Amino acid sequence: MTNPITVNYGLSVEDAVKLGRYDWANIEITGNNFPTTRRGKIEVVVELIHFNHVISTKDALNELDKMGYRPAELHELLAFGEKHPDVQCEFPIMALGSVWQDRNGFRCVPYLVEDGSGRGLDLDWLGNDWFVIYRFAVVRK
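Positions within a chain are numbered from 1, following the residues in the order the chain's sequence is written. Since the coordinates come from a predicted model, pLDDT governs what is reported: local features require at least 70, and pairs of side-chain atoms require 80 or more to be given and counted, while whole-chain, interface and lining totals use all residues. Excluding hydrogens and water, the side-chain values take into account all heavy atoms of the structure.

Caption draft 1: Region of the structure containing the packing of aromatic side chains. Centres within 6.5 Å make a pair out of two Phe, Tyr or Trp rings, where for Trp the six-membered ring is used; the pair is then stacked when the planes are under 30 degrees apart, edge-to-face when over 60, and tilted otherwise. Tallied over the entire structure, the rule returns four aromatic pairs. An angle of 75 degrees between the planes, with centres 5.3 Å apart, marks the rings of Trp130 and Tyr134 as edge-to-face. Pair check on accessibility: Trp130 and Tyr134 agree, each one buried. An aromatic cluster is present here, built from Phe51, Trp130, Tyr134 and Phe136 joined pairwise through their rings. In this scheme, Lys NZ or Arg CZ marks a charge over a ring once it lies within 6 Å of the ring centre and within 35 degrees of the ring normal. The ring centre of Phe91 lies 4.0 Å from the NZ or CZ of Arg135, which sits over that ring. The cut-offs for exposure are 20% and 50% of the maximum accessible area for each residue type, with area from a 1.4 Å probe on protein chains only; residues under the lower value are buried, those over the upper are exposed, and the others partly exposed.

Caption draft 2: Region of the structure containing the nonpolar core. Grouped together as the largest cluster of nonpolar side chains are 28 residues, with contacts concentrated most on Leu77, Leu78 and Ile93. The way it works is that DSSP assigns letters per residue, a run of H or I at least four long becomes a helix, a run of E at least two long becomes a strand, and they are numbered from the N terminus. Within the residue set of this core, elements represented by two or more residues are β1 (5-8), α1 (13-20), α3 (74-83), β9 (107-115), β10 (118-125) and β12 (135-140). No other element matches the five residues that α3 contributes to this core. In terms of nonpolar packing, the next biggest core, distinct from the first, is built from 16 residues, Ala60, Tyr69, Met94 and Leu96 among them. By nonpolar core is meant a set of buried Ala, Val, Leu, Ile, Met, Phe, Trp, Tyr and Cys residues that side-chain atoms within 4.5 Å join together.

Caption draft 3: Spatial organisation of the pattern of salt bridges. By definition here, a salt bridge exists when the distance from a side-chain nitrogen of Lys or Arg to a carboxyl oxygen of Asp or Glu is within 4 Å. Evaluation of the coordinates by the stated rule reveals four salt bridges. The salt bridge involving Lys66 is made with Glu63; its shortest N-O contact spans 3.5 Å. With Lys66 and Glu63 both in helix α2 (residues 57-66) and three residues apart, the pair spans about one turn of that helix. Note that Glu76 is salt-bridged to Arg70, the shortest N-O span being 2.6 Å. With relative accessibility at 0%, the residue Glu76 sits in the buried group.

Caption draft 4: Representation of the pairing of β9. If DSSP finds at least two bridges between two strands, the strands pair. Across two bridges, the pairing between strand β7 (residues 93-94) and β9 is antiparallel. Note on β9: the bridge partner recorded for Ile93 is Leu112. When strand β8 (residues 100-101) meets β9, the two strands line up antiparallel, connected through two bridges. Looking at β9, one finds that Trp100 is bridged to Cys108. Linkage of β8 to β9, two consecutive antiparallel strands, is achieved through a turn of five residues, within which Gly105 is found at a positive phi near 90 degrees. Strand direction decides the pairing type here: β9 and β10, joined by eight bridges, are antiparallel. Of the residues in β10, the one forming a bridge with Val109 is Asp124.

What follows is the structure in structure tokens.
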């Protein structure tokens, strides 16, 4: 999947979530919690990287950097989920480029997932080691 997708950074997170037609979404995934400094509508290629082994966040970010990628941000993840809704039914897709700190001090990142209740948009703790099933949404630098 290397086709460009249009990312509208001016679209509110809430509207982008609606466009993705998820069956459920974490209520903390909002524009207030995940602001962006990017502007306009831009075509980007969001790729999925699979490390094929358990990996820490630090190691994943270092490897992506060496490969010439930056981690996708929330708007990019949402545009990908809208354009390719069935992919998240195969494996969870992380967006390590957008981080939110909850009231307990835990830093969390958004991801697309499918569980028994359908396609969802959730948050996971950034301090996790990522299991082999995870894919990482990335964009070339």
